[in-house]
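Structure at a glance
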Amino acid sequence: MSPAPSKTTKISKTSKSPTPSTSSTPSIVIVGAGPRGTGFLERLAANLPELYGDGPLDLHLVDPHPPGPGRIWRTEQSPLLWMNSQAEDVTMFTDETVRLDGPVLPGPTLADWAGIEGRTFPTRPQQGAYLRWVYERALAALPVSVTVHEHRTSALRIGGPRDGRQRVWLEAGAEPLLADLVVLTVGHLDAEPDPEQRALAGFAARHRLVHLPPDFTADSDLSALPAGGPVLVRGFGLAFVDLMVLLTEGRGGRYEGEGDDLVYVPSGREPVLHVGSRRGVPYHSKIGYALDGERPPLPRFFGTEQTDALLERDGPLDFRRDVWPLIDKELGWAHYHRLFSTHPERASLDWTSFEEAYAQAPPRSAEIAALVAAAVPDPADRFDPDALDHPLDGVRFGSAEALQHGLRDYVTDDLARRHDPAHSPDAAVFAALLSVYAQLLSLGGRVDLGGWWHGFFSYLASGPPGPRLRQLLALSRAGVVRFLGPQVTVETDEERGVFRAASAAVPGEWTEARALVEARLPDPTLELTGSPLLRALYEDGARATASGLLVVDPADGRILERDGRPHPRRFALGPHTTARAGGAFTRPRTGGIAFGQNDVAARAALTFLSEQDVRSDRADRGAGSDQNDRAGRSDQNDQADQNDQNDQADQNDRAGRSDLADRGVLSDRADQGVLSDQADQGGRSCRLPAPLSA
């Protein structure tokens, strides 16, 4: 385990109302201090010496959850919950593969830091402890001229002119924080129910049923799900895996044996989970081998040349029409490059001829289909994204029991394939998916990716650990989990007071239950977000995509307004934006997209502050001022204080304070988690604690 940071850092912690800030000290408010906020803080500290020096700076970190781990990775959760990444594949630190202008500052992976075997799947509390240590290390890297103010509360609203200091209102105070810049790193957020969920909740209330809407499974109240009773579950991704764990092992069940002989021994307290989804199958298992040997040269058919051409087009871009065909060709290229280079005996054409014909054929064309059919005899060796996305389309089973056997066979085959290097083209596609994700960021708000792309990406690249799917098979054999099939429909029966679910895979078969669980995360839309802060931004003129993502400038993360102008003083990073990068931490030596974004935003913020200081100093000299203050901003602060008073009235007008506070607050929640055990705002000096034990 890495040693504790030893430097003394000045930290002010507060949970009560902030006092009005009239300081001329430059300041940044960071809303959200979970993994993404911590990553931004690390890059800020790394770039300070070059771009800002040792001048005074106030950093305000705002989040109701613990700094470092945030809500999702908090250490106070069940150790039964795992990460779906291996310990050696988790880092919060930059390396030479990350594109950045700031300094590369390497650090340990989770495996190295915690001293655990690299190919194990760590618990979420272990990851939370690692993130807490990373946060403390970032604090220790700040110069003594920087004061960090930790606010263990939520932000409700941002106000202020484009050319002046911003004001950030907190739930726990009447006076706003003043900031030269605001950076939103709020991660995954809660959401208000959409019309379907409101209707289902109303039905459940009328008939005294249980309905759990989309949520973070670890935060859901599962005690309402009765032992032995049927529960309909809609969703077969990672949220379902958490649900499965907490309702089985979490209720006293256990596993005996291993591998294909794994047996579940129930406690008798489990419900019976009837699970289905659009595809009807779980996400693909994590790949259980390393991609060694020759790797596909990427990008090839979806790189800068293609994204620049897309950006030069007039009018809006459509993802499925304009972008997906290029991605399809890129993924296929990676697949076949790997197949031909490592298993040439499974191809009936030489690579040079195949490559030339593949390059000339239009994406998703009959020419490519004919080429692949002629060159790759075994259909199991072909890349077919449509078949991958709809594995059970057109499949019918004679009975519910036949469906159970069929699905168990499917999962068993998937486990075998994902752990067999003979199918390493699958791993090449994974590498291509990561490359594609990086290229998509350059399109920014020009294209709305919608929900399908991220679902497809997660289904192929972000599935559960193999052991979890072996547990699923054991639970199915024990009758604790029952498969519903694909294209599941859920209906309400007012007369009988039950939920009913069916799938076209078993015609005429209906399953009834008095409980329904939506096993998925809330959609990150600005219209339905549970965050008053993001909702207020949208209402005040921030630009959003059709699916509700906050549009940011892909160049540096500045928030775009509806007229297309980037706001000079507001930044946003994370899954609620069009620059969503897949995760706040990443595998070592894979380019760390989020790390690069953090670096660009941190450098833009520090450059802004430095240039502002230069402008202020020139103004002071021109006015004959003999002030020694670093920014000489008294006029600006006077204006900001006046704007504060104006904004207070405006704030009450637009449901800013009491309404928003009553509705439950920001929820910088999720990937975030921030600060402060908050005591007073006096800028106490304190020594950082040792790293938490994993």
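Definitions and limits used
- Residues numbered from 1 in each chain as written.
- Predicted model: local features only at pLDDT ≥ 70, side-chain atom pairs only at ≥ 80, totals over all residues.
- Heavy atoms only, no water.
- Helix = DSSP H or I, 4+ residues; strand = E, 2+ residues; numbered from the N terminus.
- Polar contact = N/O pair within 3.5 Å; in protein donor to acceptor, adjacent residues only side chain to side chain.
- Contact = heavy atoms within 4.5 Å.
- Buried < 20%, exposed > 50% of the residue type's maximum accessible area, 1.4 Å probe, protein only.
- Pairing = 2+ DSSP bridges.
- pLDDT = per-residue confidence, 0-100.
- Core = buried A, V, L, I, M, F, W, Y, C linked by side-chain atoms within 4.5 Å.
- Axes fitted to C-alpha atoms, helices over the stretch in contact; angles between N-to-C directions.
- Salt bridge = Lys/Arg side-chain N within 4 Å of Asp/Glu carboxyl O.

What follows concerns the side chain of S145. Tracing the backbone shows S145 in the loop between α3 (124-141) and β4 (146-151). Reaching out from S145, the side chain makes a polar contact with the backbone oxygen of D54 at a distance of 3.0 Å. Contacts of S145, omitting those with residues within four sequence positions, involve D54, G55, P56 and L57.

Moving on, we get to the pairing of strand β8 (residues 181-184). Here β8 shows a buried face lined by L181 and V183 and a second buried face lined by V182 and L184. Bridge count between strand β2 (residues 27-31) and β8: 4 bridges; the pairing is parallel. Bridging from a neighbouring strand, I28 pairs with L181 of β8. Inspection of the sheet shows β8 paired to strand β20 (residues 566-572) by 3 bridges, in the parallel sense. From the neighbouring strand, L184 faces β20, where its bridge partner is A572.

What follows concerns the confidence of the model for the protein. Mean pLDDT over the protein works out to 87, with 85% of the residues at or above the 70 mark. Here residues 4-8 is modelled with pLDDT under 50, and outside its nearest four sequence neighbours on either side it reaches 23 contacts, counting other chains as well. Taken together, the stretch residues 15-21 has pLDDT below 50 and engages in 20 contacts with residues farther than four places along the chain or on a different chain.

Membership of the largest hydrophobic core comes to 88 residues, with the highest contact counts inside it found for F240, I327, L331, L440 and W453. Broken down by element, this core gets its largest block of residues, 11 residues, from helix α7 (residues 319-342). Sequence-distant contacts of L331, that is, excluding residues within four places in its chain, are made with W324, F383, V429, A432, L433, V436 and F456. Formed by 30 residues, the second largest nonpolar core is a distinct cluster that contains L59, V146, L573 and A601.

Moving on: the sheet that holds strand β5 (residues 155-159). In spatial order, the strands read β5-β6-β7; together these 3 strands make up an open sheet with antiparallel pairing. The open sheet has two free edges, formed respectively by β5 and β7 (177-179), since each of these has just one partner strand. Each strand axis lies, on average, 25 degrees off the axis of its neighbour in the sheet, ignoring direction. Bridging between β5 and strand β6 (residues 166-170) involves 4 bridges; their strand directions are antiparallel. Bridge assignment links A155 to a residue of β6, and that residue is L170.

If you trace the 3 strands from one edge of the open sheet to the other, you get β15-β16-β17, paired in antiparallel fashion. Pairing within the sheet leaves two strands with one partner each, and these edge strands are β15 (489-493) and β17 (510-513). Ignoring strand direction, the axes of neighbouring strands in this sheet form an average angle of 25 degrees. Inspection of the sheet shows strand β16 (residues 498-502) paired to β17 by 4 bridges, in the antiparallel sense. Its bridge partner lying in β17, A502 is registered against W510. Packing against the sheet, helix α4 (residues 195-207) makes contact with β15 and β16, and its axis sits at approximately 135 degrees to β16.

One pass over the full model with this rule turns up 35 salt bridges. Note that R71 and D190 form a salt bridge whose closest N and O atoms lie 3.0 Å from each other. On the criterion of sequence distance, the pair formed by R71 in the loop between β3 (57-62) and α2 (110-114) and D190 in the loop between β8 and α4 is long-range, its members being 119 residues apart. Connected through salt bridges with shared partners, the residues R71, R74, D190, D215 and D219 form a single ionic network.

With that out of the way, let us pick up the environment of S503. Tracing the sequence through the fold places S503 in the loop between β16 and β17. Under the relative-accessibility criterion, S503 is labelled buried at 7%. A C-alpha to C-alpha distance of 9.2 Å links S503 and S277, two positions 226 residues apart in sequence. Once residues lying within four places of it in the same chain are set aside, the contact partners of S503 are L484, G485, P486, Q487 and V488. Of the polar contacts made by the side chain of S503, one reaches the backbone oxygen of P486; its length is 2.6 Å.

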